[in-house]
Amino acid sequence: MQEYLDFAARNPLLTAAWFGLAGTLVYTTVRARFSPVKSVNNHTATLLINRENATVVDIRSQEEFAKGHLAGAQHLPLSQIQSNNLGPVEKHKDAPIIVVCESGMTAGGAGRQLSKAGFKQVYVLSGGMAQWRAENLPVTKKR
């Protein structure tokens with residue numbers, strides 16, 4: 001134990017960085033565990049779509065959406081979600097909703113906004129469309 005205290009005394013920046021990283025890890029783990037928005041992989045998303053009739057909400061730009069999206073996905077740009085303009089998906093409040101972005105990074109915030117708006121089952125596709133395409137899963141350009 002004394003070695004750790006000596007190291008901390010000689011290396012305050014490294015010690016602070018370590019505690020910062022450990023704190024961030026604990027915070028993100030706890031936040032994910034208690035968040036109403038859950039992350040799902042491609043397999044689980046496919047099961048939700050096929051077995052529970054989940055609605056896929058694609059929050060990417062119109063150009064990205066036109067290049068390819070999940071079959072049956074509804075395009076609802078992030079800006080519309082942020083302004084609480086949820087008309088196209090309002091009727092799906094009790095059904096599972098899967099939020100999709102390009103890389104899986106921005107969908108979490110959109111998912112939290114949908115959850116705050118009263119949607120009961122909100123999921124985020126981990127890895128987003130990039131991971132979906134990387135696994136050679138089907139995409140469509142049809143509306």
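Above this text sits the structure in question.
Please read these numbers as outputs of a predicted model, since none were measured by experiment.

About the cut-offs
Counting restarts for each chain, with residues numbered from 1 along the sequence as it is written. Confidence filtering applies because this is a predicted model: local features only for residues at pLDDT of at least 70, side-chain atom pairs given and counted only at 80 or more, and all residues used for totals across whole chains, interfaces and linings. Only heavy atoms go into the side-chain values, all of them from the structure, while hydrogens and water stay out. Remark: nonpolar core denotes a set of buried residues (Ala, Val, Leu, Ile, Met, Phe, Trp, Tyr, Cys) joined through side-chain atoms within 4.5 Å. Only protein chains enter the area calculation, which uses a 1.4 Å probe; residues under 20% of their type maximum are buried, those over 50% are exposed, and those in between are partly exposed. In DSSP terms, a helix is any run of H or I states spanning at least four residues, a strand is any run of E spanning at least two, and both are numbered starting from the N terminus. We call two residues in contact whenever any of their non-hydrogen atoms come within 4.5 Å of each other. Here, the arc refers to the directions that run from the helix axis to the C-beta atoms. Think of a polar contact as two N or O atoms within 3.5 Å of one another; within protein, one of them needs to be a possible hydrogen donor and the other a possible acceptor, and neighboring residues in sequence only count if both atoms come from side chains.

Draft legend 1. A look at the nonpolar core. In this structure, Ile 59, Leu 86, Val 99, Leu 114 and Phe 119 are the most contacted members of the largest nonpolar core, which totals 16 residues. Broken down by secondary-structure element, the contributors of at least two residues to this core are strand S4 (96-100), helix H6 (107-116) and strand S5 (121-125). For this core, the element with the highest residue contribution is H6, accounting for three residues. What Ile 59 contacts, discounting residues up to four positions off in sequence, is Leu 76, Pro 77, Leu 78, Ile 81, Val 99, Val 100, Cys 101, Thr 106, Ala 107 and Ala 110. The next biggest cluster of nonpolar side chains, apart from the first, holds 14 residues, and it includes Ala 54, Phe 65, Val 100 and Met 129.

Draft legend 2. Structural view of helix H3 (residues 42-52). Within H3 the residues assigned to the buried category are Asn 42, Ala 45 and Leu 48. The buried residues of H3 all sit within an arc of 125° when viewed along its axis, so they share a single face. Exposed side chains of H3 directed beyond 90 degrees from the buried face belong to His 43, Asn 50 and Arg 51. In this fold, the buried residues of H3 make contact with strand S1 (37-40), S4, S5 and helix H7 (128-134). A side-chain oxygen of the first residue of H3 lies 3.2 Å from the backbone nitrogen of His 43; this N-cap is Asn 41.

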